[in-house]
Amino acid sequence: MPAEGGIAIVGAGSWGTALAALLARHGQPARLWGRDREAVDALRDTRVNARYLPGVVLPEALVVTHVLEAALAGAGDVMLAVPSHAFGEIVTRVAAARPDLRDLAWATKGFEPGSGRFLDAVVADRLGRGSGRAVLSGPTFAGEVARGLPTAVTLAGSDAAHVQRLARRFHGPDFRVYTSDDLAGVQVGGAVKNVLAIAAGIADGLGLGANTRAALVTRGLAEIGRLGVALGGRPETFTGLAGLGDLMLTCTDDQSRNRRFGLALARGQAVAAAEAGVGQVVEGLRNTREVLSLAARAGVEMPIAEQVHRVLFQDVPPQEAVRALLARDLRSELE
C-alpha cells in the first residue's frame, strides 16, 4: 500500500530517475524534481530521460517538475539523488522549502567536498541532530533498476521508524531492501569504492589481467574496512551489500563511470578529457582527496587510494603508480 504523503525524489539524473520510476511501479505517489527546466519538460512530454536513461519509458503515474517547492509540498518522505559536490546546496534549499521537514534520506555516495565530512553531518547541520537521516547504498546500476532487473540494497539510518518507512516504500518484487543502523559504515563503503574502481579501470586498461583485478578488489576491500572501522563503522558492513557488493560491481562492469574513467586514464587521456568522455559526474575523482584526508587523520594506510591520488593530482603515469604498489615491502595479509 502507498505510504501516506507520497515521496519526493530530488535530482533527475540517472539514479534519481531510476528510483522515481521504481517507486511509481510500486504504486507509491512519487514526484521527481530536476533543476533543468528544459530537460524536465522533455522528460514530462516524452516520459524518457534521453540523456541519462535512453530507452527506458517512465510510468505515467510519475509526476515530474522543475519547481522544488511543488515536488516537496506534502511529501511524507524526501530522498536526494544528487552528486556529492551539490549535496550541501540542495539540502539547504530543501530545508528552506520545507521548514517542517524532520527526516531526510539520500542515495548520494561521497563526502562533503573540502571538509571530508559524512553527508549525514551535513544533513544534521540543516535539520538538527534529532532528525532522521538515512542513506540508500549498495551494488546498483541505475539502468538496471529502471528496467526492473533484480537488485538488493542496504538502507541505513539514525532513526529506526524512518528507515522502516522508507524500506516499505522501496521494497518490492525486483528491489530487495536490507536495513541497517550502521550509518557511518554504509557511507564509507559507498564513497571509497568509487576511488578503488578507478584503480581497477586503470589496471584493466593497462592489460594487467584478471589476477590483478582480483587482487585490487580484495586489497581494496581491506582499505575500505580499515578506514570504515576507524571512522565508526562495523566490520560486518564491509562484507555486505554496501561494502563488498558495491565494490565488486563498480570494479568489474563497464557500466561503472569510475571504472570507465580509469580505463580512459590507462589509454593516456588527461584527467579532464577522461571525465568529459564519461559524460557524467565521476564521484571517485571528486572524493579521492577527501578519502586520503580522512585516512591521514585516522592513521589508516590506503596504498591503492594513494596511488590513484598520484595519478589524478600529481601527474604520475598510471604505469608508475602500478609499479609503486608492487614495490611495497612484504607484510602480513592481515595488516
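First, a word on scope: everything that follows refers to the structure included in this document. Here the structure is a predicted model, which means the values were calculated and not measured.

Describing the sheet that holds strand S8 (residues 175-180)
Consideration 1: The 8 strands are arranged S3-S2-S1-S4-S5-S6-S7-S8 in an open sheet whose pairing can be described as mixed. Both edges of this open sheet fall to strand S3 (63-65) and S8, since each of them pairs with a single strand only. The sheet shows a mean angle of 25° between the axes of neighbouring strands, taken without regard to direction.
Consideration 2: Summarising the sheet, strand S4 (residues 77-80) and strand S5 (residues 103-106) pair through 2 bridges and their orientation is parallel. For Leu80, the partnering residue across the bridge sits in S5 and is Trp106.

Some remarks on helix H5 (residues 119-127)
Consideration 1: Among the 9 residues of H5, 7 are classified as buried, and the element is accordingly described as predominantly covered.
Consideration 2: Among the residues of H5, those classed as buried are Leu119, Asp120, Ala121, Val122, Val123, Ala124 and Leu127.
Consideration 3: The inward-facing, buried residues of H5 abut helix H4 (84-97), S5, strand S6 (132-137) and helix H8 (183-205).
Consideration 4: A positive backbone phi angle near 100° is found at Gly128, which sits one or two residues after H5.

A word on helix H10 (residues 241-252)
Consideration 1: Turning to H10, its buried residues are Ala242, Gly243, Gly245, Asp246, Leu247, Thr250 and Cys251.
Consideration 2: On its buried side, H10 packs onto S6, strand S7 (151-157), H8, helix H9 (209-230) and helix H11 (257-266).

So, the packing of aromatic side chains
Consideration 1: Taken as a whole and assessed by the stated rule, the structure comprises 3 aromatic pairs.
Consideration 2: With 5.8 Å between their ring centres and 70° between their planes, Phe87 and Trp106 make a pair best called edge-to-face. Of this pair, Phe87 sits in helix H4 while Trp106 sits in strand S5, and the two are 19 residues apart along the sequence. As far as the burial class goes, Phe87 and Trp106 line up, both buried.
Consideration 3: An angle of 20° between the planes, with centres 5.7 Å apart, marks the rings of Phe111 and Phe118 as stacked.
Consideration 4: Overall, Phe118 belongs to the buried group, its relative accessible area being 16%.
Consideration 5: Across the ring face of Phe313, the terminal group of Arg289 is positioned such that the distance to the ring centre comes to 3.7 Å.

A closer look at the packing of H8 against H11
Consideration 1: Packing of H8 against H11 leaves a shortest axis separation of 6 Å and a crossing angle of 40°. It follows from the interaxial angle that H8 and H11 lie oblique. Here the hand of the crossing between H8 and H11 comes out right-handed. Only Asn258, Arg259, Phe261, Gly262, Leu263, Leu265 and Ala266 of H11 make contact with H8, whose side of the interface consists of Asn194, Ala197, Ile198, Ala200, Gly201, Ile202, Asp204 and Gly205.
Consideration 2: For the contact of H8 with H11, the residue count by class is 8 nonpolar, 5 polar and 2 charged.

Parameters and conventions
Residues numbered from 1 in each chain as written. Predicted model: local features only at pLDDT ≥ 70, side-chain atom pairs only at ≥ 80, totals over all residues. Heavy atoms only, no water. Pairing = 2+ DSSP bridges. Helix = DSSP H or I, 4+ residues; strand = E, 2+ residues; numbered from the N terminus. Axes fitted to C-alpha atoms, helices over the stretch in contact; angles between N-to-C directions. Buried < 20%, exposed > 50% of the residue type's maximum accessible area, 1.4 Å probe, protein only. Contact = heavy atoms within 4.5 Å. Phe/Tyr/Trp six-rings, centres within 6.5 Å; stacked < 30°, edge-to-face > 60°. Lys NZ or Arg CZ within 6 Å of the ring centre and 35° of its normal. Parallel < 35°, antiparallel > 145°, perpendicular 65-115°, else oblique. Left-handed = near helix turned anticlockwise from the far one by under 90°. Nonpolar A, V, L, I, M, F, W, Y, C, P; charged D, E, K, R; others polar.

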